[in-house]
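Structural features, examined
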Amino acid sequence: MNAAPLVALVGNPNAGKSALFNALTGARQKVGNYPGVTVERKSGRLVLDDGRPVELVDLPGAYSLDPSSPDEAVTRDVVTGGSEFERRPDALVVVLDAANLDNHLRFALQLIALGLPVVIALNMVDLAERDGLVLDPAVLARELGVPVVPTVAVRRRGLDQLREALAGAVGGGGIRPHPRTLETESVLQRRARNIASAAIISETPAHRWAHWLDSVALHPVMGPLLLVAVLFTMFQAVFTWATVPADAIDAGFAWLQTQIAAALPDGFVRSLLTDGLIAGVGAVLVFLPQILILFLFILVLEASGYMVRAAFLMDRLMAGVGLSGRAFIPLLSSFACAVPGIMATRTIEDEKERLTTILIAPLMTCSARWPVYTLIIGAMIPNMRLAPFIRLQGLVMFGLLAIGIAGAYVAALLLRRTVTKGASSGFMMEMPKYQMPRLGDIVLGLWTRTLIFLKRAGTIIAATTVVLWLLLSFPKLPEGSAVSPVDYSIGGRIGHGIETVVKPIGFNRDIALALLPAMAAREVAVSAIGTVYAIDDKGEGGEARITDKLRGRWTLPTALAFLMWFVFAPQCISTIAVTRRETNGWKWPAFMVGYLFAAAYIMAGITYWLAVFAGL
Amino acid sequence: MDMSLPVRAALTLEKLPRRQRGMVAAIDWTQLADAEARRLRELGFDEGVGVEVLHRAAIGRGPIACRIGRMTVALRRAVAGAIHVAVPAA
């Protein structure tokens with residue numbers, strides 16, 4: 001059986017390859033408006049008008065066949081047939097940003113010279129026109145000797161014509177350019193410029209609003225202020241906007257708990273369902289609104305083109321610790337989740353810089369830690385008003401985020417002087433045009449995130465919660481015993497074992513119990529504490545909320561030490577796994593786990609004892 | 001000296017006043033690391049291309065944003081210092 005012809009989408013970064021891939025295959029690849037959204041190959045299926053299937057691969061953007069970062073190497077290997085994971089494509093769709101023709105054509109010329117059948121997708125013609133640029137695709141096709149199809153991938157324009165041209169290219173009857181010896185970069189560059197100027201019909205000065213935006217966003221004073229305002233609004237919104245939906249979810253689970261408690265007789269099943277599953281999973285699901293609001297902000301920032309502006313503003317600061325502004329993008333994404341953040345470091349050219357960024361990414365407070373912070377802060381820190389708009393709880397939250405960032409900064413400084421020493425590779429980045437984020441892409445991104453979160457809640461979080469519940473429920477307390485049911489259980493005994501290690505930093509039995517399952521997913525710390533108290537309080541018959549129980553059992557120094565522990569320590573299993581994959585071995589993940597645990601232990605210890613001596 | 005092309009000597013992109021349109025006169029490749037030089041070429045920096053400084057980042061000696069061809073590119077000052085620029089005499 002013949003495999004379907006393989007067609008690869010190639011082109012410069014941020015030319016819109018993934019948007020075109022999604023439009024052609026109906027896939028839901030992540031798209032964004034900054035160079036380097038796609039860092040690995042993705043494949044999908046497309047059916048030509050004559051019914052022939054074609055396998056389409058979406059490749060990371062590259063500037064040339066001479067790769068300077070790991071993601072670009074993937075692209076070079078696939079199109080030259082040197083990839084061990086992928087056969088050589090039967091044809092290429094070269095995606096060009098119509099507004100950046102003179103630059104993107106150089107890579108296109110290199111690709112055409114490879115001798116594979118090529119179809120050019122002249123993408124984002126609408127934006128080029130918005131910029132006052134009118135192009136003649138026919139001139140371009142004549143000069144390049146390959147078919148040229150104007151497209152607007154995000155608005156699905158030009159797709160039929162592209163499929164048609166593709167049918168010709170993979171049919172064998174298409175125009176097959178002669179393989180040519182590669183000319184030098186500057187000869188190619190000049191040819192590219194000549195072809196581009198031949199294809200330009202008219203050119204009027206670019207519109208002004210993007211200039212005006214940049215004159216604020218990149219302004220020496222207003223730029224940084226705007227960035228701080230954007231980040232502040234983002235974190236503020238996570239806490240203020242989420243209250244209503246979060247309370248609704250909370251009420252929903254409480255109702256479910258009472259319904260089940262009323263419907264089932266007291267016993268194993270009822271306790272498993274109410275104390276185990278609902279108390280555990282519910283405690284985590286409450287945070288879905290917060291996580292979605294955070295993702296909403298990050299998706300909008302990514303889609304608008306602001307990310308690279310932020311990287312520009314941050315470059316000087318990052319250079320201070322031997323990194324560059326480029327590292328800012330993966331680090332900001334790590335506030336949502338460190339796993340995609342670590343994958344996004346593939347766009348960083350310098351190996352040592354990339355490694356450093358990976359190692360500090362877990363210090364950005366990922367969304368999975370927010371439930372832990374919110375719960376503890378909500379229960380233990382009084383919400384007094386310090387000034388208009390500033391309350392103590394919010395301040396502590398910002399403090400924790402800031403400590404994580406400061407910790408990352410110090411860690412990068414130390415790492416770059418020791419284990420990841422090396423020269424800086426500099427900072428050079430193309431700034432994308434501003435674009436209005438498309439509602440569909442944002443909704444899709446949020447929906448994908450919701451599914452991931454629900455899947456985690458339904459699998460990892462539910463499973464660890466149930467295991468913990470089992471460990472905490474058996475063996476059953478003998479009738480009339482005065483010991484707490486938790487202390488008597490297997491889980492309780494394990495907890496007491498761990499407690500001896502963490503007692504010096506002020507942790508109690510409940511925290512000791514929560515630490516282990518929190519490695520599976522950090523949110524489990526919340527559900528674990530929920531489960532512990534649900535079982536423990538059986539005797540008193542209390543159905544009080546977790547927050548009230550915390551207030552009764554924890555001291556303030558313990559709570560602060562626990563928060564500090566979470567700033568630094570327990571990366572989840574997924575983070576460790578992705579670090580192993582991205583660094584090709586166990587050495588760096590082991591190092592990362594080691595240094596972060598040490599930092600967590602020391603910082604939590606310092607916090608505890610300072611708080612104790614301060615008389616808190 | 002050829003007076004038909006008035007060139008302010010020793011003006012680099014690093015020193016080019018904001019919003020002053022210039023043209024890349026020469027690039028001192030020897031000042032640049034291989035990777036830097038390649039990326040610079042890939043972004044379209046070449047003799048004879050129009051260039052303009054749009055913004056300079058504030059803190060300390062931060063990077064600069066410039067327009068090259070139809071693209072906006074951010075680069076560090078050290079790299080900008082290797083790019084010699086010719087401007088029409090005022």
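Residues numbered from 1 in each chain as written. Chains lettered and ligands numbered in written order. Predicted model: local features only at pLDDT ≥ 70, side-chain atom pairs only at ≥ 80, totals over all residues.

Brief notes about the overall build of chain B
Across its full length, chain B holds 2 helices and 5 strands. Moving toward the C terminus, one meets the helices and strands of chain B in the order β-α-β-β-β-α-β. Put simply, chain B has 90 residues, and 38% of those count as buried. (Helix = DSSP H or I, 4+ residues; strand = E, 2+ residues; numbered from the N terminus. Buried ≥ 20, exposed ≤ 12 C-beta atoms within 10 Å, placed from the backbone.)

Focus on the overall build of chain A
A tally of helices and strands in chain A yields 27 helices and 11 strands. A compact globule built from 616 residues should have a C-alpha radius of gyration of about 25 Å, and chain A, at 28 Å, falls within 12% of that. Overall, chain A is about 90 × 55 × 45 Å in size when its C-alpha atoms are taken along their principal axes. Within chain A, contacts between residues separated by at least 24 positions form 72% of all contacts whose residues are at least 6 apart in sequence. (Rg over C-alpha atoms; globule rule 2.2 N^0.38 Å. Contact = placed C-beta atoms within 7 Å.)

A few points about helix α13 (residues 306–319) of chain A
All names here are of chain A. With 14 residues, α13 extends 20 Å from end C-alpha to end C-alpha; this agrees with the ideal 20 Å at 1.5 Å per step. Its maximal kink placed at Leu313, α13 deviates by approximately 40 degrees. With 13 of its 14 residues buried, α13 lies for the most part within the structure. (Expected span 1.5 Å × (residues − 1). Bend = angle between axes of the 7 residues up to and from the residue.)

Re the UniProt feature "transmembrane region" (unreviewed entry) in chain A
Per the UniProt record, "transmembrane region" (unreviewed entry) is found at residues 221–244, 277–301, 321–343, 355–381, 393–415, 453–472, 559–578 and 590–611 of chain A. In residues 453–472 of chain A, helix accounts for 100% and strand for 0%; the two terminal C-alpha atoms are 26 Å from one another. (UniProt positions renumbered as here; feature names shortened; annotations may be inferred.)

Notes on the interface of chain A and chain B
Tallying the contact residues gives 31 residues for chain A and 29 residues for chain B. For the side of chain A that touches chain B, the secondary structure elements donating two or more residues are α3 (101–112), α7 (185–199), α9 (222–240), α13 and β11 (428–431) of chain A. Its residues assigned to classes, the side of chain A that touches chain B shows 13 nonpolar, 10 polar and 8 charged. As paired elements, β11(A) and strand β4 (residues 71–75) of chain B share 4 bridges and run antiparallel to each other. By the bridge assignment for β4(B), Met431(A) is matched with Thr72(B). (Nonpolar A, V, L, I, M, F, W, Y, C, P; charged D, E, K, R; others polar. Pairing = 2+ DSSP bridges.)

Examining helix α19 (residues 439–473) of chain A
Residues and elements named next belong to chain A. For α19, built from 35 residues, the straight-helix expectation of 51 Å at 1.5 Å per residue is met to within 8% by its first-to-last C-alpha distance of 48 Å. The largest bend in α19 is about 35 degrees, located at Ala462. Among all positions in α19, only Asp441, Gly445, Arg449, Phe453, Ala457, Ile461, Thr464, Thr465, Leu468, Trp469, Leu472 and Ser473 are buried. Looking at the buried side of α19, the elements it contacts are α11 (268–285), α12 (288–304), α20 (485–488), α21 (490–502) and α23 (524–536).

Regarding unusual backbone geometry
All names here are of chain A. Phi is positive for Asn14, close to 60 degrees, though the residue is something other than glycine. Of note, Asn14 is situated in the loop between β1 (6–11) and α1 (17–25). Located in the positive-phi region is Arg156, a residue other than glycine, with phi close to 55 degrees. Tracing the chain through its elements places Arg156 in the loop between β7 (148–150) and α6 (159–170). For Arg156, a count of 14 C-beta atoms within 10 Å gives the class partly exposed.

Considerations on the nonpolar core
If you look at the biggest cluster of nonpolar residues, it comprises 207 residues, and the most contacted ones within it are Leu96(A), Val119(A) and Ile120(A). Setting aside anything within four residues of it in sequence, one finds Val119(A) in contact with Ala91(A), Val93(A), Val146(A), Pro147(A), Val149(A), Leu162(A), Ala165(A), Leu166(A) and Ala169(A). (Core = buried A, V, L, I, M, F, W, Y, C linked by C-beta atoms within 7 Å.)

Here we look at the sheet that holds strand β1 (residues 21–27) of chain B
With respect to topology, 6 strands assemble into an open sheet ordered β11(A)-β4(B)-β3(B)-β2(B)-β1(B)-β5(B), the strand pairing being antiparallel. The open sheet has two edge strands, β11 of chain A together with β5 (83–86) of chain B, and neither has a second partner. Across this sheet, the average inter-strand angle for adjacent strands is 40 degrees, counted without regard to direction. (Axes fitted to C-alpha atoms, helices over the stretch in contact; angles between N-to-C directions.)

Focus on the pairing of strand β3 (residues 64–68) of chain B
All names here are of chain B. By the criterion of burial, β3 is predominantly enclosed, with 4 of the 5 residues buried. Sheet topology places β3 next to β4; 5 bridges connect them, and they run antiparallel. When the bridges of β4 are listed, Ala65 appears paired with Ala74. What sits between β3 and β4 in their antiparallel hairpin is a turn of 2 residues, with Gly69 showing a positive phi close to 60 degrees.

So, the sheet that holds β7(A)
All names here are of chain A. A sheet is described by the order of its strands in space; here 6 strands give the open sequence β2-β3-β1-β4-β5-β7, paired in mixed fashion. Looking along the sheet, the strands with just one partner apiece sit at the ends: β2 (42–47) and β7. The sheet shows a mean angle of 25 degrees between the axes of neighbouring strands, taken without regard to direction. Relative to strand β3 (residues 53–58), β1 runs parallel, the two sharing 4 bridges. By the bridge assignment for β3, Leu6 is matched with Glu55. On the sheet, α1 packs against β1, β2, β3, β4 (91–97) and β5 (118–123) and is oriented at approximately 155 degrees with respect to β3. Across the sheet, helix α5 (residues 137–144) touches β5 and β7, and the angle it forms with β7 is around 155 degrees.

Considerations on the packing of α9(A) against α12(A)
The angle between the axes and the distance between the axes are what describe a pair of packed helices. All names here are of chain A. Between α9 and α12, the shortest axis-to-axis distance is 8 Å and the interhelical angle comes to 155 degrees. Regarding the angle of α9 to α12, the classification is roughly antiparallel. Seen from above, α9 lies across α12 with right-handed handedness. Where α9 approaches α12, its residues Met234, Ala237 and Val238 are matched on the opposing element by Gln290, Ile293, Leu294 and Phe297. Counted by class, the contact of α9 with α12 contains 6 nonpolar, 1 polar and no charged residues. (Parallel < 35°, antiparallel > 145°, perpendicular 65-115°, else oblique. Left-handed = near helix turned anticlockwise from the far one by under 90°.)

Considerations on the confidence of the model for chain B
All names here are of chain B. Of all residues in chain B, 83% attain a pLDDT of 70 or more, and the chain-wide mean is 82. Summarising per-element confidence for chain B, the mean pLDDT is lowest in helix α1 (residues 34–42) (85) and highest in β5 (92). Counting interchain partners and residues more than four positions distant, the pLDDT-below-50 stretch residues 1–6 has 2 contacts. Among the scores for the predicted complex, ipTM is 0.88 and pTM is 0.83. (pLDDT = per-residue confidence, 0-100.)

Some words on the pairing of β1(A)
Successive residues of a regular strand alternate their side chains across the two faces of the sheet. Residues and elements named next belong to chain A. Among the 6 residues that make up β1, 5 are buried, leaving the element largely enclosed by the rest of the structure. As paired strands, β1 and β4 are joined by 5 bridges and run parallel to one another. Residue Val10 lies in a different strand from β4, and its bridge partner there is Val94.

Describing the environment of Val87(B)
Residues and elements named next belong to chain B. Here Val87 shows up in the segment after β5. Residue Val87 is classed as partly exposed on the basis of its 17 C-beta neighbours within 10 Å. Placed 62 residues apart in sequence, Val87 and Ala25 show a C-alpha to C-alpha distance of 9.1 Å.

Section: the environment of Ala128(A)
Residues and elements named next belong to chain A. Following the sequence through the fold, Ala128 ends up in helix α4 (residues 125–130). Each C-alpha atom of the pair Ala128 and Ala569 lies 48 Å from the other, and the pair is 441 residues apart in sequence. The contacts of Ala128, once residues within four sequence positions are left out, are Ala98, Ala99, Leu133 and Leu135.

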